[in-house]
Amino acid sequence: MRTVSAAETAPTTHPWVVHAEGLRVRAGRHLAVDGLDLALGTGVHGLLGPNGAGKTTLMRALATVIEPAGGALTLLGESVAGRADLRRVRRGLGYLPQQFGFYPRFTVREFVEYMAWLKEMPRPSVPGAVQRAIERVGLADRAGSRMKTLSGGMLRRAGIAQAIVNDPSVLLLDEPTVGLDPEQRLDFRELLRDLGVDSCVLVSTHLVEDVVAACSDVVMINAGRLVFQGTPDELIGQGGEGDAGDSPAERGYSALLRRHRAEAAR
Amino acid sequence: MTGHPNPTWITRYADGDPALDEATVWSVEVHLEDCADCRALLTTDVPDDLRALLERVAAGVDEGVTTGPAPARRRPWSAARHRWLIWQLVPWLTMTIAVLGCAVLLQGLQPSLPSLVLLLAPVAPLPGVAVAWSRGSDPAWELIAGTPTAGLPLLLRRTAAVLAVVIPVLGLASDRTGASLALALLPCLAFTTVTVALGVFVGVRRAALGLAAGWGLAVAVPSLINLRLPGVLQAGSAGLWLLVIAVSAGFALIRSDRFRRLSSHH
């Protein structure tokens, strides 16, 4: 049993967990996110888009890792653009980068503990939270193994464990299903649904069927702009018989992309 | 509330009487948490089937405790070690120590040379500091950059770890060669703080490279050719070094927000 603090039960005063208006973010010299408007609430949101659409750059900006070049970005009701103090917002963030670096000599437990410490979790709650996070991703039997001995899928799961260790309000997962086998992907979808109950989860992926199966909301971007935001059923509704793709959702995806490209070319 | 609740309330609470209003249930519950005597009352009139259930659960829990995996061993010092000293630092610090050792040996062989330890002292911490805060040498950089601890405090923590190794070695080396301790340590500290301050503009790694190259070309090489120590390393220059430390440290503190983000040159 633990004491629930007043901060946890306080009503939120912000309408959206993640809110971007006219957001512009640079990747090097190139403007990878260019005038994006996005509003996300609680739930699991799937971020779709072709390669080079700006998904990873958007994720990095939302994780407060890189500074937006323009526009407004609000996380958990606090502005994170410019010289703002990011500490409070960052305590409520969980982030799994696409290129996920780690210290090879750390064991899984040490790695997740180190991340929990960096996220300024209260010291007494760290061991329990670490164990819970490792169990949720199904790595409990490898918790004492060094990171360099893990397979690709296990590393990905260790990365997910460090992202969820602080029970984040905003969870950003960039390509979390890479390297997972079909069974692990099913478990992962289950975990996503579970996490989406009380936090805002944004999952970037190339796998349209993952989005349809596990997400309550689909966000699609292309060339740094929002193309579509709606439920998986609405995405499926966008596609017709003549569109490319093997499933209704894939047809919806390719139809949306084709229409957006045609509009951009005009 | 003072005193114990009415025993009939406790009995009705134990039976799960729906007629008992919520406020009474809460007050009884809060009291039971702290009062062993009333908890004992609770167990006297428990029905037999419930007692059997409780015994079964207790036996199950005991069995799980004895047959399940043992709790993970706590190694408190390992966490501290990981926080302060990233593995990447070890080779660089070893190199620094080896170079200073060579300087001491060379001084013993060639006493006519100007004090090599004093000439090396300012640049001794720079390789370690550059490695402690650069994107290329920290694999988990992107993860760390999104945590609340990231920023000047973490940079200073790692710098302190470097100095904790370099300063004793410098002290030993200056003692062996008879060089002034103050003139070894003050320039060492000054170059560290100037590196951090310049890191605000160009990134810590570039700042360290630039300062080391500048010191080597402008001061160390000419004084080796002339066979005499430069003015900045003569007795009486301590005040100048202290001023440099104060100004650069103050500047770094004022602009500490620049270290919060992952920008391309950090």
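Residues numbered from 1 in each chain as written. Chains lettered and ligands numbered in written order. Predicted model: local features only at pLDDT ≥ 70, side-chain atom pairs only at ≥ 80, totals over all residues. Heavy atoms only, no water.

1. Digging into the sheet that holds strand E6 (residues 93-96) of chain A
Strands pair in a sheet through their backbones, by hydrogen bonds, and they do so in one of two ways: parallel or antiparallel.
Residues and elements named next belong to chain A.
Part 1 of the argument: An order of E6-E7-E8-E3-E9-E10 is seen for the 6 strands of this open sheet, with the pairing classed as mixed. Unpaired on one side and paired on the other, E6 and strand E10 (225-230) mark the two borders of the sheet. In this sheet, adjacent strand axes meet at a mean angle of 15° when their direction is disregarded.
Part 2 of the argument: In this sheet, E10 lies alongside strand E9 (residues 217-222) in antiparallel orientation, the contact comprising 5 bridges. (Pairing = 2+ DSSP bridges. Helix = DSSP H or I, 4+ residues; strand = E, 2+ residues; numbered from the N terminus. Axes fitted to C-alpha atoms, helices over the stretch in contact; angles between N-to-C directions.)

2. A look at the UniProt feature "domain: ABC transporter" (unreviewed entry) in chain A
Part 1 of the argument: Using the residue numbers shown here, the UniProt feature "domain: ABC transporter" (unreviewed entry) corresponds to residues 18-248 of chain A.
Part 2 of the argument: In the segment residues 18-248 of chain A, helix accounts for 33% and strand for 26%; the C-alpha atoms at its two ends are 29 Å apart. (UniProt positions renumbered as here; feature names shortened; annotations may be inferred.)

3. Examining the sheet that holds strand E4 (residues 70-75) of chain A
Residue and element names in this part refer to chain A.
Part 1 of the argument: The strand order E2-E1-E4-E5 describes an open sheet built from 4 strands, whose pairing is antiparallel. Edge positions in the sheet fall to strand E2 (30-40) and strand E5 (78-79), since each of these pairs with one other strand and no more.
Part 2 of the argument: Here strand E1 (residues 18-27) pairs with E2 via 8 bridges, running antiparallel. Note on E2: the bridge partner recorded for histidine 19 is alanine 39.
Part 3 of the argument: Its contacts with the sheet put helix H2 (residues 55-62) on E1, E2 and E4, and the angle it makes with E1 is roughly 115°. (Contact = heavy atoms within 4.5 Å.)

4. Thoughts on helix H10 (residues 152-177) of chain B
Part 1 of the argument: When the terminal C-alpha atoms of H10(B) are compared, their 35 Å separation across 26 residues agrees well with the 38 Å that a helix rising 1.5 Å per residue should span.
Part 2 of the argument: Once H10(B) ends, the next one or two residues include Gly178(B), with phi positive near 75°. (Expected span 1.5 Å × (residues − 1).)

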